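Here are the chains, one letter per residue:
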Amino acid sequence: MILSDFDLINYIRSGRLTIEPFDEEIVRENGLDLRLGNEVCELKSTSKILDPYNHTDLSNFYVCFRADEFIVKPHTIYLVTTLEYMKVPSELMAFVELRSTFARLGLSIPPTIIDGGFRGRITIELHGSSFPIKLKKGTRFLHVVFAKVTSPIMRPYSGRYQDQRGVKLPVLPIS
């Protein structure tokens, strides 16, 4: 079952779903529009080989910065973060989508799910369009659709990205 605006406001007001900072403007008909934060990591173009099975110096593969606005370069991949911190209860999960205006500009994100039990800001992979696009901190950027699972999750999320703040680079080695 997908939660409506009525359901979402009740979850937030009761404290079962935490969104900080919260502004009722982000509540939409069937989800929340999360806003763009100010941390960005651009994936570098390099011929160096990244071995995800060993500890790796990620500074060879990413350039990270803070900015209240930045230009998404054509055909470039970024990691960006949300302004909002969230705590998702174990009876919910969520699907993350790019707001359609940004998709119509040629930007894209891969399919992304937020697991029940997750706490933190969302780090999302963003793929550039065929032309440069300026983005600003605070822009409603992602649409997050929450769904109620058929029963509470027995093992809520407790992985390596729990409690992340800002852009979180990959945690290596992978297992």
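Predicted, not measured: the structure shown is a model, and the values here were computed from it.

Engineer: So what exactly am I meant to see when it comes to unusual backbone geometry here?
Structural biologist: Peptide bonds are trans in most cases, and residues, glycine excluded, mostly fall at negative phi. Along the chain, glutamate 20 connects to proline 21 via a cis peptide bond; the corresponding omega equals -5 degrees. Relative to the helices and strands, proline 21 is located in the loop between strand S1 (18-20) and strand S2 (27-28). Of note, the amide linkage connecting leucine 172 to proline 173 takes the cis form, showing an omega dihedral of 0 degrees. Tracing the chain through its elements places proline 173 in the segment after strand S11 (140-148). Backbone geometry places histidine 75, a non-glycine residue, at a positive phi of 55 degrees.

Engineer: How do you make sense of the environment of proline 156 when you look at a structure like this?
Structural biologist: Here proline 156 is to be found in the segment after S11. With relative accessibility at 35%, the residue proline 156 sits in the partly exposed group. Sequence separation of proline 156 and isoleucine 2 is 154 residues, and the distance between their C-alpha atoms is 19 Å. Apart from residues lying up to four places away in sequence, proline 156 is in contact with Ser90, Gly116 and Gly117.

Cut-offs and rules
Residues numbered from 1 in each chain as written. Predicted model: local features only at pLDDT ≥ 70, side-chain atom pairs only at ≥ 80, totals over all residues. Heavy atoms only, no water. Helix = DSSP H or I, 4+ residues; strand = E, 2+ residues; numbered from the N terminus. Buried < 20%, exposed > 50% of the residue type's maximum accessible area, 1.4 Å probe, protein only. Contact = heavy atoms within 4.5 Å.

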